[in-house]
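Residue-level structure breakdown
Below are the chains, spelled out letter by letter.
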Amino acid sequence: VASPGSPPTRNHGVPTSFPSPSPIMAVEDLADSIGDFICAELDSSRVYLPTIEPSPMPTAEIVPFPEPTPSPTLESYIFKQCSSENELDIVFMVDSSGSVYDAEYNNWQAELDLVDDIVNSLPSASSRASLINFSGCGASFSLTECQEMGRMTTEFNLDTYGNDLASVSSKIEAMDAADFNGGFTWTDEALGLALNQFNTYSDSDKGKIIVLLTDGEPFPYDEGHEPCITSTNYESATLAALNELNVDIITIGIDI
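Every residue gets a number counted from 1 within its own chain, in the order that chain's sequence is written. Totals for whole chains, interfaces and linings use all residues, but because this is a predicted model, local features are given only for residues with pLDDT of at least 70 and pairs of side-chain atoms are given and counted only at 80 or more. Only hydrogens and water are set aside; all other atoms, that is, all heavy atoms of the structure, feed into the side-chain values.

1. Some points on the overall build of the chain
- Check the secondary structure of the chain and you find seven helices and eight strands.
- Note on classification: 1.4 Å probe, protein chains only; a residue is buried when its accessible area is under 20% of the maximum for its type, exposed when over 50%, partly exposed between these limits. Within the chain, the fraction of its 256 residues that count as buried is 44%.
- The contact criterion used throughout is that any non-hydrogen atoms of two residues lie within 4.5 Å. Sequence-distant contacts in the chain: of pairs separated by 6 or more residues, those separated by 24 or more amount to 77%.
- Accessible area for the chain stands at about 12,800 Å²; split by element, carbon and sulfur atoms hold 52% of it. Helix and strand definitions follow DSSP, with helices as H or I runs of at least four residues and strands as E runs of at least two, each counted in order from the N terminus. Here, Shrake-Rupley sampling with a 1.4 Å probe gives the accessible areas, and only protein chains in the shown set may cover a residue.

2. Some words on the pattern of salt bridges
- One side-chain nitrogen of Lys or Arg within 4 Å of one carboxyl oxygen of Asp or Glu is enough to make a salt bridge. This model, assessed by the stated rule, comprises one salt bridge.
- In this structure, D89 and R128 form a salt bridge, with 2.9 Å as the shortest nitrogen-oxygen distance. Within this pair, whereas D89 is found in strand β4 (residues 88-95), its partner R128 is found in strand β5 (residues 127-134), the two being separated by 39 residues in sequence.
- For D89, a relative accessible area of 0% corresponds to the buried category.

3. Side note on the state of the cysteines
- Only a pair of cysteine sulfur atoms within 2.5 Å qualifies as a disulfide here. This model, assessed by the stated rule, comprises two disulfides.
- The side chain of C39 participates in a disulfide bridge whose partner is C82; the two sulfur atoms lie 1.9 Å from each other. Because the torsion about its S-S bond is 80°, the bridge between C39 and C82 counts as right-handed. Placement of C39 in helix α1 (residues 27-41) and of C82 in the loop between β3 (77-79) and β4 is noted, with a sequence separation of 43 residues between them.

4. Considering the packing of aromatic side chains
- Think of it this way: a Phe, Tyr or Trp ring, Trp meaning its six-membered ring, pairs with another when their centres are within 6.5 Å, and the plane angle makes it stacked under 30 degrees, edge-to-face over 60, tilted otherwise. Tallied over the full model, the rule gives five aromatic pairs.
- Aromatic side chains F156 and Y161 sit 5.3 Å apart centroid to centroid with 70° between the ring planes, which places their arrangement in the edge-to-face category.
- Each member of the aromatic cluster is reached from another via a ring pair, and the members are Y101, Y105, W108 and F180.

5. Quick notes on the packing of α1 against helix α2 (residues 106-119)
- Packing of α1 against α2 brings their axes to within 9 Å, and their N-to-C directions diverge by 40°. Relative to α2, the element α1 lies oblique. Once α1 is placed against α2, the crossing between them reads as right-handed. The residues of α2 that touch α1, namely those facing V27, E28, L30, A31, I34 and I38, are A110, D113, L114, D117 and I118.
- Each residue gets one of three labels, nonpolar for Ala, Val, Leu, Ile, Met, Phe, Trp, Tyr, Cys and Pro, charged for Asp, Glu, Lys and Arg, and polar for the others, Gly among them. Considering only residue class, the contact of α1 with α2 consists of eight nonpolar, no polar and three charged. Lines are fitted to the C-alpha atoms to define the axes, a helix being fitted only along its stretch in contact, and any angle between axes, read from their N-to-C directions, falls within 0 to 180 degrees. Working definition: roughly parallel below 35 degrees, roughly antiparallel above 145 degrees, roughly perpendicular at 65 to 115 degrees, and oblique for all remaining angles. The handedness criterion is simple: a crossing whose near helix is rotated anticlockwise from the far helix by less than a right angle is left-handed, and one whose near helix is rotated clockwise is right-handed.

6. Details of a negative patch on the surface
- A cluster of acidic residues, E28, D29, D113 and E173, forms a negative patch on the protein surface.
- Mapped onto the fold, E28 is located in helix α1.
- Overall, the relative accessible area of 54% leaves E28 in the exposed class. Patch membership is restricted to residues that have no salt bridge and whose relative accessible area is over 30%. Joining uses 9 Å for like charges and 5 Å for the nonpolar side chains Val, Leu, Ile, Met, Phe, Trp and Tyr. Here Asp and Glu are counted as negative and Lys and Arg as positive; His is not counted, and neither are the chain ends. For this purpose, a charge sits on NZ of Lys, CZ of Arg, CG of Asp or CD of Glu.

7. Side note on α2
- In this scheme, a helix's expected span is set at 1.5 Å multiplied by one less than its residue total. With 14 residues, α2 ought to run about 20 Å at 1.5 Å a step, and its terminal C-alpha atoms sit 20 Å apart, in line with that.
- In terms of burial, α2 is a largely internal element, 10 of the 14 residues being buried.
- Against the buried residues of α2 lie α1, β4, β5, α5 (165-174), β7 (207-214) and β8 (248-253).

8. Thoughts on the environment of G192
- Relative to the helices and strands, G192 resides in helix α6 (residues 187-201).
- Measuring from C-alpha to C-alpha, the distance between G192 and T238 comes to 6.0 Å, with 46 residues separating the pair along the chain.

9. Some thoughts on the confidence of the model for the chain
- When pLDDT is averaged along the chain, the result is 80, and 71% of the positions lie at 70 or above.
- Ranking the helices and strands of the chain by mean pLDDT puts helix α4 (residues 158-161) first, with 98, and strand β1 (residues 15-16) last, with 45.
- Every residue in residues 1-23 scores below 50 in pLDDT, and together they form 61 contacts with partners more than four places removed in sequence or on other chains.
- Segment residues 62-66: pLDDT under 50, and one contact once partners within four positions in sequence are set aside and those in other chains are kept. A residue's pLDDT is simply how confident the predictor is in it, with values from 0 to 100.

10. Some thoughts on unusual backbone geometry
- One non-glycine residue, Y105, adopts positive backbone phi at about 60°.
- With respect to the helices and strands, Y105 occurs in the loop between β4 and α2.
- Residue Y105 is classed as partly exposed on the basis of its relative accessible area of 26%.
- Of note, the phi angle at N246 is positive, near 60°, even though the residue is not glycine.
- Positionally, N246 belongs in the loop between α7 (237-244) and β8.

If you want it as structure tokens, here you go:
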């Protein structure tokens, strides 16, 4: 998972990238960074708890000076879900186009693992999630035809599982190589599916975030699949509509 760029900032409707001291971040580290960002957007923070068990209370059978429990280190901590009560609707977009492919489907699995890790860091009582699995078709196909081919799939809606993030996680964990699409990369159309999720299932007072995982430029080139268009100040009509809804977009590069 690649993550170029400067520290994340609040930037509605425009992709936000996450920093790394090196060009590549492990899935767990990136999920942790994104979890912190999302929780901060909800005006909250995540709590760290030690995993080392406390020393038992002395009894008559225990020597007077038992071995002390070691002080917890960073490695002995696990993060707790964000404790915010602010409501959040989040749409994950995973790129399964042909350029993401590798023989062992490692890139695809890394995408799914990252999404699952982020889901498990969300405030479970106030968050809902949707997942869009996208690639694209040739120039002669319409969006409807491409969807009928299974290349632009909403795996589940924001209201499918509601606040049951355990079921969301189970659904993601059940996905595998059989769910990989192949094909081209229709990024703007996929963002349109995310926009539809917010317009159909979300309320104006809920926080809205898109997490977009992709490996590069939309394709075929210059066929209207780009969300960033130079002639319109790098903003397609889809991005403009997401901007109107105050949607934060987090973009993550896969194998780039």
